[in-house]
Amino acid sequence: MYDYDLLVVGSANADLVVGVERRPGAGETVLGGDLAVHPGGKGANQAVAAARLGARTALLARVGDDGHGRLLRDSLRSAGVDTAAVLTGGAPTGVALITVDPSGDNSIVVSPGANARLTESDVRADVLAAARVVSAQLEIPLETVTAVVRALPEGTRFVLNPSPPRPLPDEVLAACDPLVVNEHEARVLLGDGATGDDPADRARRLLALGPRSVVVTLGAKGALVCDASGVRAVPSVAVAAVDTTGAGDAFTAALAWRLGAGEELPVAAAYAARVGAAAVTRRGAQESYPTAAEVAALDA
(Lines give C-alpha, C1' and ligand atoms only; values in the text may rest on other atoms or scores of the structure.)
Protein backbone atom coordinates (compact mmCIF):
# COMPACT_ATOMS: atom_id res chain seq x y z
CA MET A 1 0.00 0.00 0.00
CA TYR A 2 1.46 3.34 -1.04
CA ASP A 3 1.19 6.48 1.09
CA TYR A 4 1.12 8.68 -2.03
CA ASP A 5 -0.28 8.38 -5.51
CA LEU A 6 2.38 10.84 -6.69
CA LEU A 7 5.66 12.15 -5.34
CA VAL A 8 6.96 15.21 -7.16
CA VAL A 9 10.69 15.92 -6.92
CA GLY A 10 11.40 19.42 -8.13
CA SER A 11 11.49 23.16 -7.76
CA ALA A 12 9.53 25.64 -5.67
CA ASN A 13 9.79 29.33 -6.58
CA ALA A 14 8.18 32.60 -5.67
CA ASP A 15 7.10 34.39 -8.86
CA LEU A 16 7.55 38.17 -8.52
CA VAL A 17 5.55 39.81 -11.29
CA VAL A 18 5.48 43.50 -12.29
CA GLY A 19 3.49 44.94 -15.18
CA VAL A 20 5.33 47.53 -17.29
CA GLU A 21 4.40 49.70 -20.26
CA ARG A 22 7.59 48.51 -21.91
CA ARG A 23 10.53 46.48 -20.79
CA PRO A 24 13.68 48.49 -20.00
CA GLY A 25 16.73 48.60 -22.22
CA ALA A 26 20.30 48.31 -20.97
CA GLY A 27 20.99 50.89 -18.27
CA GLU A 28 17.38 52.11 -18.30
CA THR A 29 14.88 52.40 -15.43
CA VAL A 30 11.13 52.22 -16.05
CA LEU A 31 8.24 52.48 -13.60
CA GLY A 32 5.96 49.49 -13.25
CA GLY A 33 2.71 48.56 -11.58
CA ASP A 34 2.21 46.94 -8.21
CA LEU A 35 4.28 43.88 -7.40
CA ALA A 36 2.36 40.60 -7.36
CA VAL A 37 3.88 37.57 -5.64
CA HIS A 38 2.64 34.11 -6.62
CA PRO A 39 3.71 30.59 -5.60
CA GLY A 40 5.37 28.82 -8.52
CA GLY A 41 8.16 26.55 -9.69
CA LYS A 42 7.50 23.50 -11.86
CA GLY A 43 7.73 21.06 -8.96
CA ALA A 44 5.35 22.94 -6.69
CA ASN A 45 3.01 23.56 -9.64
CA GLN A 46 2.80 19.85 -10.44
CA ALA A 47 2.20 18.93 -6.80
CA VAL A 48 -0.61 21.46 -6.40
CA ALA A 49 -2.22 20.43 -9.71
CA ALA A 50 -2.27 16.74 -8.75
CA ALA A 51 -3.58 17.41 -5.25
CA ARG A 52 -6.39 19.61 -6.60
CA LEU A 53 -7.49 16.68 -8.73
CA GLY A 54 -7.67 14.44 -5.66
CA ALA A 55 -4.34 12.63 -5.85
CA ARG A 56 -2.53 11.87 -2.60
CA THR A 57 0.53 13.99 -3.34
CA ALA A 58 3.85 14.85 -1.71
CA LEU A 59 6.65 17.19 -2.76
CA LEU A 60 10.37 16.73 -2.24
CA ALA A 61 11.90 20.19 -2.66
CA ARG A 62 13.99 22.80 -0.87
CA VAL A 63 13.00 26.34 0.08
CA GLY A 64 14.67 29.07 2.10
CA ASP A 65 13.92 30.00 5.70
CA ASP A 66 12.16 33.17 4.58
CA GLY A 67 8.79 34.66 3.70
CA HIS A 68 8.77 33.21 0.21
CA GLY A 69 9.38 29.76 1.61
CA ARG A 70 6.46 30.17 4.00
CA LEU A 71 4.25 31.36 1.13
CA LEU A 72 5.06 28.20 -0.82
CA ARG A 73 4.48 25.89 2.13
CA ASP A 74 1.11 27.54 2.82
CA SER A 75 0.05 27.22 -0.82
CA LEU A 76 1.04 23.56 -0.94
CA ARG A 77 -0.73 22.70 2.30
CA SER A 78 -3.90 24.55 1.31
CA ALA A 79 -4.04 22.42 -1.84
CA GLY A 80 -3.61 19.24 0.18
CA VAL A 81 0.04 18.48 -0.65
CA ASP A 82 2.08 16.66 2.00
CA THR A 83 5.05 18.94 2.76
CA ALA A 84 6.94 16.66 5.15
CA ALA A 85 9.70 16.28 2.52
CA VAL A 86 9.95 20.00 1.73
CA LEU A 87 13.36 20.88 3.19
CA THR A 88 14.41 24.29 4.47
CA GLY A 89 17.70 26.16 4.33
CA GLY A 90 20.92 26.33 2.38
CA ALA A 91 19.97 29.45 0.42
CA PRO A 92 17.04 31.84 -0.04
CA THR A 93 13.92 30.48 -1.72
CA GLY A 94 14.15 30.40 -5.51
CA VAL A 95 12.68 33.45 -7.19
CA ALA A 96 11.50 34.26 -10.72
CA LEU A 97 11.64 37.99 -11.50
CA ILE A 98 9.06 38.63 -14.22
CA THR A 99 8.17 41.80 -16.12
CA VAL A 100 5.10 41.73 -18.34
CA ASP A 101 4.22 44.34 -20.98
CA PRO A 102 0.69 45.19 -22.20
CA SER A 103 0.93 42.68 -25.06
CA GLY A 104 1.61 39.88 -22.60
CA ASP A 105 5.27 39.47 -23.58
CA ASN A 106 7.47 38.87 -20.60
CA SER A 107 11.08 38.85 -19.52
CA ILE A 108 12.11 36.45 -16.77
CA VAL A 109 15.22 36.17 -14.63
CA VAL A 110 15.33 33.13 -12.35
CA SER A 111 17.44 32.89 -9.23
CA PRO A 112 17.36 29.15 -8.39
CA GLY A 113 18.34 29.75 -4.77
CA ALA A 114 17.45 26.78 -2.60
CA ASN A 115 16.39 24.72 -5.64
CA ALA A 116 20.05 24.45 -6.63
CA ARG A 117 20.80 23.09 -3.15
CA LEU A 118 18.46 20.12 -3.47
CA THR A 119 21.23 17.54 -3.65
CA GLU A 120 21.69 13.82 -4.09
CA SER A 121 21.92 13.42 -0.31
CA ASP A 122 18.38 14.81 0.01
CA VAL A 123 16.98 11.91 -2.04
CA ARG A 124 15.65 9.48 0.57
CA ALA A 125 14.79 5.94 -0.38
CA ASP A 126 11.92 5.75 2.14
CA VAL A 127 10.21 8.78 0.58
CA LEU A 128 10.55 7.34 -2.93
CA ALA A 129 9.23 3.97 -1.75
CA ALA A 130 6.07 5.60 -0.40
CA ALA A 131 4.90 6.69 -3.86
CA ARG A 132 3.32 4.80 -6.74
CA VAL A 133 4.69 7.33 -9.28
CA VAL A 134 7.60 9.79 -9.07
CA SER A 135 7.63 12.87 -11.29
CA ALA A 136 10.58 15.23 -11.82
CA GLN A 137 11.70 18.22 -13.90
CA LEU A 138 15.03 19.96 -14.49
CA GLU A 139 14.72 23.13 -12.40
CA ILE A 140 16.79 21.23 -9.83
CA PRO A 141 20.30 19.80 -10.43
CA LEU A 142 20.44 17.01 -13.01
CA GLU A 143 22.62 15.07 -10.58
CA THR A 144 19.71 15.03 -8.14
CA VAL A 145 17.33 13.71 -10.80
CA THR A 146 19.88 11.02 -11.64
CA ALA A 147 20.05 10.09 -7.95
CA VAL A 148 16.25 9.74 -7.93
CA VAL A 149 16.42 7.34 -10.88
CA ARG A 150 19.12 5.26 -9.20
CA ALA A 151 17.11 5.04 -5.95
CA LEU A 152 13.73 4.20 -7.54
CA PRO A 153 12.21 1.07 -6.02
CA GLU A 154 11.22 -1.78 -8.31
CA GLY A 155 7.77 -1.13 -9.74
CA THR A 156 7.74 2.64 -9.17
CA ARG A 157 6.97 4.57 -12.33
CA PHE A 158 9.13 7.58 -13.27
CA VAL A 159 7.81 10.54 -15.27
CA LEU A 160 10.16 13.30 -16.43
CA ASN A 161 9.48 16.69 -17.98
CA PRO A 162 12.99 17.83 -19.02
CA SER A 163 12.38 21.55 -18.58
CA PRO A 164 14.50 23.57 -19.02
CA PRO A 165 15.78 21.08 -21.61
CA ARG A 166 19.33 19.76 -21.69
CA PRO A 167 21.04 16.52 -22.76
CA LEU A 168 20.11 13.61 -20.52
CA PRO A 169 22.20 10.64 -19.35
CA ASP A 170 21.22 7.30 -20.83
CA GLU A 171 20.21 5.93 -17.42
CA VAL A 172 17.75 8.79 -16.90
CA LEU A 173 16.27 8.38 -20.38
CA ALA A 174 15.90 4.64 -19.85
CA ALA A 175 13.84 5.21 -16.69
CA CYS A 176 11.33 7.63 -18.25
CA ASP A 177 7.84 6.18 -18.66
CA PRO A 178 6.98 8.60 -20.15
CA LEU A 179 9.34 11.37 -21.15
CA VAL A 180 7.01 14.41 -21.46
CA VAL A 181 8.13 17.24 -23.74
CA ASN A 182 6.70 20.15 -25.68
CA GLU A 183 7.86 20.80 -29.23
CA HIS A 184 10.69 23.12 -28.17
CA GLU A 185 12.01 20.63 -25.62
CA ALA A 186 11.80 17.85 -28.21
CA ARG A 187 13.97 19.83 -30.64
CA VAL A 188 16.58 20.54 -27.96
CA LEU A 189 16.82 16.90 -26.88
CA LEU A 190 17.14 15.79 -30.49
CA GLY A 191 19.67 18.50 -31.34
CA ASP A 192 17.26 19.52 -34.09
CA GLY A 193 17.18 23.16 -35.20
CA ALA A 194 14.44 22.59 -37.78
CA THR A 195 10.90 23.72 -37.00
CA GLY A 196 8.89 22.03 -39.73
CA ASP A 197 9.41 18.35 -38.92
CA ASP A 198 6.44 16.10 -38.31
CA PRO A 199 5.77 15.90 -34.53
CA ALA A 200 5.03 12.18 -34.89
CA ASP A 201 8.46 11.66 -36.41
CA ARG A 202 9.99 13.57 -33.51
CA ALA A 203 8.14 11.36 -31.05
CA ARG A 204 9.56 8.24 -32.70
CA ARG A 205 13.08 9.70 -32.69
CA LEU A 206 12.75 10.57 -29.01
CA LEU A 207 11.61 7.02 -28.24
CA ALA A 208 14.71 5.75 -30.05
CA LEU A 209 16.85 7.63 -27.50
CA GLY A 210 15.83 5.08 -24.87
CA PRO A 211 12.75 6.09 -22.83
CA ARG A 212 10.02 3.52 -22.37
CA SER A 213 7.39 5.92 -23.69
CA VAL A 214 7.11 9.51 -24.91
CA VAL A 215 4.43 12.19 -24.80
CA VAL A 216 4.78 15.29 -26.98
CA THR A 217 2.40 18.09 -25.99
CA LEU A 218 1.05 20.26 -28.80
CA GLY A 219 -0.83 22.99 -26.94
CA ALA A 220 -4.34 23.54 -28.30
CA LYS A 221 -3.78 20.63 -30.73
CA GLY A 222 -3.58 18.11 -27.89
CA ALA A 223 -0.69 15.66 -27.67
CA LEU A 224 0.99 12.65 -29.22
CA VAL A 225 1.79 9.49 -27.27
CA CYS A 226 4.44 7.08 -28.46
CA ASP A 227 5.58 3.69 -27.21
CA ALA A 228 6.51 0.34 -28.67
CA SER A 229 3.02 0.01 -30.17
CA GLY A 230 3.36 3.20 -32.23
CA VAL A 231 2.26 6.84 -32.23
CA ARG A 232 -1.28 7.94 -31.39
CA ALA A 233 -2.86 11.38 -31.39
CA VAL A 234 -4.69 12.66 -28.34
CA PRO A 235 -7.13 15.52 -29.04
CA SER A 236 -7.56 18.51 -26.78
CA VAL A 237 -10.76 20.26 -25.71
CA ALA A 238 -11.71 23.55 -27.36
CA VAL A 239 -11.72 26.34 -24.76
CA ALA A 240 -11.28 30.10 -24.70
CA ALA A 241 -7.69 30.40 -23.48
CA VAL A 242 -6.99 33.23 -21.04
CA ASP A 243 -3.51 32.37 -19.73
CA THR A 244 -1.34 29.35 -20.58
CA THR A 245 1.02 29.83 -17.60
CA GLY A 246 1.63 26.52 -15.85
CA ALA A 247 -0.68 24.52 -18.12
CA GLY A 248 2.11 22.12 -19.05
CA ASP A 249 2.74 21.41 -15.37
CA ALA A 250 -0.97 20.64 -14.88
CA PHE A 251 -0.88 18.27 -17.88
CA THR A 252 2.15 16.38 -16.57
CA ALA A 253 0.75 16.09 -13.04
CA ALA A 254 -2.58 14.74 -14.28
CA LEU A 255 -0.84 12.32 -16.64
CA ALA A 256 1.41 10.94 -13.90
CA TRP A 257 -1.51 10.51 -11.50
CA ARG A 258 -3.73 8.69 -13.98
CA LEU A 259 -0.89 6.41 -15.09
CA GLY A 260 -0.36 5.48 -11.45
CA ALA A 261 -4.07 4.68 -11.21
CA GLY A 262 -3.56 2.07 -13.93
CA GLU A 263 -4.82 3.86 -17.02
CA GLU A 264 -3.21 3.18 -20.39
CA LEU A 265 -1.01 5.96 -21.77
CA PRO A 266 -3.48 7.29 -24.41
CA VAL A 267 -6.34 7.37 -21.88
CA ALA A 268 -4.24 9.10 -19.23
CA ALA A 269 -2.96 11.62 -21.80
CA ALA A 270 -6.50 12.39 -22.94
CA TYR A 271 -7.48 13.18 -19.36
CA ALA A 272 -4.33 15.27 -18.89
CA ALA A 273 -5.22 17.26 -22.03
CA ARG A 274 -8.60 18.11 -20.50
CA VAL A 275 -6.90 19.22 -17.28
CA GLY A 276 -4.51 21.43 -19.23
CA ALA A 277 -7.42 22.90 -21.17
CA ALA A 278 -9.28 23.74 -17.97
CA ALA A 279 -6.15 25.40 -16.57
CA VAL A 280 -5.82 27.87 -19.45
CA THR A 281 -9.31 29.26 -18.88
CA ARG A 282 -8.12 31.10 -15.74
CA ARG A 283 -5.21 33.41 -15.05
CA GLY A 284 -2.10 32.34 -13.17
CA ALA A 285 -0.51 28.97 -12.57
CA GLN A 286 -1.43 27.28 -9.30
CA GLU A 287 -4.57 29.37 -8.84
CA SER A 288 -5.83 28.20 -12.25
CA TYR A 289 -5.64 24.47 -11.59
CA PRO A 290 -8.99 22.65 -11.69
CA THR A 291 -10.58 20.10 -9.40
CA ALA A 292 -11.71 16.76 -10.80
CA ALA A 293 -15.30 18.03 -10.78
CA GLU A 294 -14.32 21.04 -12.89
CA VAL A 295 -12.57 18.77 -15.39
CA ALA A 296 -15.68 16.60 -15.60
CA ALA A 297 -17.81 19.70 -16.19
CA LEU A 298 -15.54 20.64 -19.10
CA ASP A 299 -16.48 17.37 -20.78
CA ALA A 300 -20.21 17.87 -20.32
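Model, not experiment: these values are computed from the prediction.

**Some details on the overall build of the protein chain**
Here is step 1 of the chain: For the protein chain, the helix and strand inventory stands at 10 helices and 13 strands.
Here is step 2 of the chain: A globule of 300 residues ought to have a C-alpha radius of gyration of about 19 Å, and the protein chain, at 18 Å, matches this closely.
Here is step 3 of the chain: Within the span of the protein chain, comprising 300 residues, buried residues form 52% of the whole.
Here is step 4 of the chain: Approximately 12800 Å² of the protein chain is accessible, and the part contributed by carbon and sulfur atoms is 52%.
Here is step 5 of the chain: Taking the average location of the 26 positive side-chain charges in the protein chain and that of its 35 negative ones, the two points are 2 Å from each other.

**With respect to the side chain of Asp66**
Here is step 1 of the chain: Following the sequence through the fold, Asp66 ends up in the loop between strand S4 (57-63) and helix H2 (67-79).
Here is step 2 of the chain: No salt bridge is formed by the buried Asp66, whose closest oppositely charged neighbour, Arg70, lies at an N-O distance of 6.2 Å.
Here is step 3 of the chain: At a separation of 2.6 Å, a polar atom in the side chain of Asp66 contacts the side chain of Thr93.
Here is step 4 of the chain: Look past the residues within four positions of Asp66 in its chain and what remains in contact with it is Pro92 and Thr93.

**Describing the packing of aromatic side chains**
Here is step 1 of the chain: Counted by the stated rule, this structure contains 1 aromatic pair.
Here is step 2 of the chain: Between Trp257 and Tyr271, the ring centres sit 6.2 Å apart and the planes meet at 70°, which makes this aromatic pair edge-to-face. One end of the pair, Trp257, is in helix H8 (residues 247-260); the other, Tyr271, is in helix H9 (residues 265-279), with 14 residues separating them in the sequence. Both residues of the pair, Trp257 and Tyr271, count as buried.
Here is step 3 of the chain: One residue, Arg258, lies across the ring of Trp257, its end atom 4.5 Å from the ring centre.
Here is step 4 of the chain: The ring of Tyr271 carries Arg258 above its face, with NZ or CZ at 5.8 Å from the centroid.

**Details of the packing of helix H6 (residues 183-190) against helix H7 (residues 199-207)**
Here is step 1 of the chain: Between H6 and H7, the least distance of the axes is 10 Å, while the angle of their chain directions is 50°. On the basis of their axis angle, the class for H6 and H7 is oblique. By crossing handedness, the relation of H6 to H7 is classed as left-handed. Seen from H6, the contacting residues are Glu183, Ala186, Arg187, Leu189 and Leu190; seen from H7, they are Pro199, Arg202, Arg205 and Leu206.
Here is step 2 of the chain: Residue composition of the contact of H6 with H7, by class: 5 nonpolar, no polar and 4 charged.

**Regarding the sheet that holds strand S9 (residues 157-161)**
Hydrogen bonding along the main chain pairs the strands of a sheet, whether they run parallel or antiparallel.
Here is step 1 of the chain: Strand order in the open sheet made by the 9 strands is S5-S4-S1-S8-S9-S10-S11-S12-S13, with mixed pairing throughout. Edge positions in the open sheet fall to strand S5 (86-88) and strand S13 (230-234), since each of these has one partner strand only. With direction set aside, neighbouring strand axes in the sheet form an average angle of 20°.
Here is step 2 of the chain: Judged from the 3 bridges that link them, S4 and S5 form a sheet pairing that is parallel.

**A look at unusual backbone geometry**
Here is step 1 of the chain: The amide bond that connects Ser163 to the next residue, Pro164, takes the cis arrangement and shows omega of -5°.
Here is step 2 of the chain: Take Pro164: it is sitting in the loop between S9 and helix H5 (170-175).
Here is step 3 of the chain: The linkage connecting Asp177 with the following residue, Pro178, adopts the cis geometry, with an omega of 10°.
Here is step 4 of the chain: Mapped onto the secondary structure, Pro178 falls in strand S10 (residues 176-182).

**Observations regarding the packing of helix H1 (residues 42-53) against H2**
Here is step 1 of the chain: Relative to each other, H1 and H2 sit at 20°, their axes nearing to 8 Å. Considering their axes alone, H1 and H2 lie roughly parallel with respect to each other. Crossing hand, H1 versus H2: left-handed. Across the interface between the two elements, Ala44, Ala47, Val48, Ala51 and Arg52 from H1 touch Leu72, Ser75, Leu76 and Ala79 from H2.
Here is step 2 of the chain: For the contact of H1 with H2, the class distribution of residues is 7 nonpolar, 1 polar and 1 charged.

Here is what the cut-offs are and how they apply
- Residues numbered from 1 in each chain as written.
- Predicted model: local features only at pLDDT ≥ 70, side-chain atom pairs only at ≥ 80, totals over all residues.
- Heavy atoms only, no water.
- Helix = DSSP H or I, 4+ residues; strand = E, 2+ residues; numbered from the N terminus.
- Rg over C-alpha atoms; globule rule 2.2 N^0.38 Å.
- Buried < 20%, exposed > 50% of the residue type's maximum accessible area, 1.4 Å probe, protein only.
- Areas by Shrake-Rupley, 256 points an atom, 1.4 Å probe, with all protein chains shown as cover.
- Lys, Arg positive; Asp, Glu negative; His and termini not counted.
- Charge placed at Lys NZ, Arg CZ, Asp CG, Glu CD.
- Salt bridge = Lys/Arg side-chain N within 4 Å of Asp/Glu carboxyl O.
- Polar contact = N/O pair within 3.5 Å; in protein donor to acceptor, adjacent residues only side chain to side chain.
- Contact = heavy atoms within 4.5 Å.
- Phe/Tyr/Trp six-rings, centres within 6.5 Å; stacked < 30°, edge-to-face > 60°.
- Lys NZ or Arg CZ within 6 Å of the ring centre and 35° of its normal.
- Axes fitted to C-alpha atoms, helices over the stretch in contact; angles between N-to-C directions.
- Parallel < 35°, antiparallel > 145°, perpendicular 65-115°, else oblique.
- Left-handed = near helix turned anticlockwise from the far one by under 90°.
- Nonpolar A, V, L, I, M, F, W, Y, C, P; charged D, E, K, R; others polar.
- Pairing = 2+ DSSP bridges.

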